[in-house]
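# Fold and geometry: a report
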Amino acid sequence: MGINVETKVILDLNNKYTDKKSFFAELCEVIHNEMDEKVLAITIKEALEEREKVVTTGFGNELAIPHGKVEGLISPYLFFVRVKNPIEWQAMDDEKVKFIFVILVPSDDKDNNHLKVLSILSYNLMDSEYQKMIKTVKDEEEAKNIIEKMVAVE
Amino acid sequence: MNIIAITACPTGVAHTFMAKRALEDAAKKRGHEIKVETQGATGIENELTPTDVKNADILILAVEVGIAKSERFKDIKKVEVKIGTVIKSAESLIRKIEEKLENKE
């Protein structure tokens, strides 16, 4: 299965903020500008924050996977963002976060291939080999190749 | 041990599947059989059958939302844990379950 989800890679984002709350606002502006769909940054931010309240998405090892169901979104998006300035995420291991997978899914999207792809990605993100690979990518192409691999194997 | 588990979280695309992976890895490492049902955005996957339930020693519920078809698990020992606990420290969870079951038998 190839990656049939719109995937964007942003490497070395020179983020202004390193506290989670302000960074989310900054991140959502960046994401919004990269998207073809006209979903407001604030809408994305609210979806991510809503989810973040339940359990932190910083799952350790400098990685986080903020995600949410976004009102008005037509098809899902996946972003891989590597920041220059690590974020205080209140992660499970209390370490700062530098590598961020953002998953946005439409609020009314059920039972389709996109969600399947994203769930396989999440499953494989727990793999320490994949974690190592994604944390050492040199460029956008390499990042996309690894993500492609991560969704291809179950 | 024969472990069965259900993972579920509100969005059902990330933690549900990360917890599944964490449980599978930890169980394998400790030499146990495990089957994990996910109740995520794509519905129920890898569904636990009556036979699975019958043969299991323990059910781990790593859920942050109500689960579907919970009537299947009336007669089995259960452990309820936060999904974050599973992702963070699945192996120590499995160890604790081992101890608990050993002490009772």
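Right, let's walk through the structure included here. Numbering of residues starts from 1 in each chain and follows the order in which that chain's sequence is written. Starting at A for chains and at 1 for ligands, labels are handed out in the order in which the entities are written. Reporting of local features is limited, given that this is a predicted model, to residues whose pLDDT is at least 70; pairs of side-chain atoms are given and counted only at 80 or more, and all residues count toward the totals for whole chains, interfaces and linings. Water and hydrogen atoms play no part in the side-chain values, which are based on all heavy atoms of the structure.

## What about the overall build of chain B?
Strands are runs of DSSP state E lasting at least two residues, helices are runs of H or I lasting at least four, and both sets are numbered from the N terminus onward. Scanning chain B from N- to C-terminus turns up three helices and five strands. Scanning chain B from its N terminus toward the C terminus, one meets helices and strands in the order β-α-β-β-α-β-β-α. The globule rule puts the C-alpha radius of gyration for 105 residues at 13 Å, and the 13 Å found for chain B is close to it. Summarising its shape, the C-alpha atoms of chain B cover approximately 40 × 30 × 20 Å along the three principal directions. When accessible area is computed with a 1.4 Å probe and restricted to protein chains, residues below 20% of their type maximum are described as buried, those above 50% as exposed, and intermediate ones as partly exposed. Counting the 105 residues in chain B, one finds 53% classified as buried. Two residues qualify as a contact provided that any one of their heavy atoms is within 4.5 Å of a heavy atom in the partner residue. Here the contacts in chain B between residues at least 6 apart in sequence split such that 64% fall between residues at least 24 apart. Total accessible area computed for chain B in this model is approximately 5000 Å², and 46% of it derives from carbon and sulfur atoms. On chain B, the mean spot of the 18 positive side-chain charges and the mean spot of the 17 negative ones are 2 Å from each other. The size measure is the radius of gyration over C-alpha atoms, and the globule rule it meets is 2.2 Å times the number of residues to the 0.38 power. For every accessible area listed, the method is Shrake-Rupley and the probe measures 1.4 Å; residues are considered covered only by the protein chains on display. By the counting rule applied here, Lys and Arg register as positive and Asp and Glu as negative, while His and the ends of each chain are not counted. The atoms used to mark charge sites are NZ of Lys, CZ of Arg, CG of Asp and CD of Glu.

## Let's talk about the overall build of chain A
Regarding its fold elements, chain A presents five helices and six strands. When the helices and strands of chain A are listed from N to C terminus, the series reads β-α-α-β-β-β-β-β-α-α-α. Its C-alpha radius of gyration of 14 Å places chain A within 12% of the 15 Å reference for a compact globule of 154 residues. In terms of its C-alpha atoms, chain A occupies a principal-axis envelope of roughly 35 × 35 × 30 Å. Expressed as a percentage of the 154 residues in chain A, the buried residues total 54%. Intrachain contacts of chain A at a sequence separation of at least 6 include 71% that bridge at least 24 residues.

## Focus on the side chain of Lys20(B)
Its location among the elements puts Lys20(B) in helix 1 (residues 15-29). By relative accessible area, which is 13% here, Lys20(B) ends up buried.

## Focus: the sheet that holds strand 5 (residues 78-81) of chain B
Working definition: the strands of a sheet are paired by backbone hydrogen bonds and lie parallel or antiparallel to each other. All names here are of chain B. With mixed pairing, five strands are arranged side by side in an open sheet as 3-2-1-4-5. The open sheet terminates on both sides in strands that have one partner only, identified here as strand 3 (43-45) and strand 5. Taking each pair of neighbouring strands and ignoring which way they run, the sheet shows an average axis angle of 15°. If DSSP finds at least two bridges between two strands, the strands pair. Here strand 2 (residues 33-40) runs beside strand 3; their pairing, made up of three bridges, is antiparallel. Along strand 3, the bridge assignment pairs Gly40 with Gly43. Every axis in this analysis is a line fitted to C-alpha atoms, fitted for helices over the stretch in contact. Angles between the N-to-C directions lie between 0 and 180 degrees. Contacts from helix 1 reach strand 1 (2-8), strand 2, strand 3 and strand 4 (58-63), with the element oriented near 175° to strand 2.

## What about the pairing of strand 1 of chain B?
Residue and element names in this part refer to chain B. Taken across its seven residues, strand 1 has six buried, putting it largely inside the fold. Looking at chain direction, strand 1 and strand 2 are connected through six bridges and run parallel. Opposite Asn2, over in strand 2, you have Glu33 as the bridge partner. The pairing of strand 1 with strand 4 spans six bridges and is classified as parallel. From the neighbouring strand, Ile3 faces strand 4, where its bridge partner is Ile58.

## Here we look at the interface of chain A and chain B
Each partner contributes to the interface: chain A provides 25 residues, whereas chain B provides 20 residues. Accessible surface is computed with a 1.4 Å probe, and the buried area is the amount of it that two parts give up when combined, taken over both parts together. Carbon and sulfur atoms make up 68% of the surface buried where chain A meets chain B, a total of about 2000 Å² over both sides. Of all residues in chain A, Met92(A), Tyr123(A) and Met126(A) give up the largest surface area on contact with chain B, accounting jointly for 33% of the area buried on that side. For salt bridges, the criterion is a side-chain nitrogen of Lys or Arg within 4 Å of an Asp or Glu carboxyl oxygen. Linking chain A to chain B there are two salt bridges. The partner of Lys116(A) in a salt bridge is Glu45(B), and the shortest N-O contact between them spans 2.7 Å. Definition of a polar contact: a pair of N or O atoms within 3.5 Å, with one able to donate and the other able to accept a hydrogen when the atoms are protein atoms, and with sequence-neighbouring residues admitted only if both atoms are side-chain atoms. Between chain A and chain B we count nine residue pairs in polar contact (both at pLDDT 80 or more) in total. Among the elements of the structure, helix 2 (41-54), strand 4 (67-70), strand 6 (97-106) and helix 3 (113-125) of chain A are those that each provide at least two residues to the side of chain A that touches chain B. At seven residues, the largest contribution of residues to the side of chain A that touches chain B is made by helix 3 of chain A. Three classes are used, and their members are as follows: Ala, Val, Leu, Ile, Met, Phe, Trp, Tyr, Cys and Pro are nonpolar, Asp, Glu, Lys and Arg are charged, and the others, Gly among them, are polar. Looking at the side of chain A that touches chain B residue by residue, the class counts come to eleven nonpolar, eight polar and six charged.

## Describing the pattern of salt bridges
In total, this model carries 19 salt bridges over all chains according to the counting rule given. Residues Glu6(A) and Lys8(A) are paired through a salt bridge, measuring 3.7 Å at the closest nitrogen-oxygen approach. For Lys8(A), a relative accessible area of 15% translates into the label buried. Two residues, Glu47(B) and Arg72(B), come together in a salt bridge whose shortest N-O distance is 3.8 Å. With Glu47(B) in the loop between strand 3 and helix 2 (50-55) and Arg72(B) in the loop between strand 4 and strand 5, the pair connects residues that are 25 residues apart, well separated along the chain.

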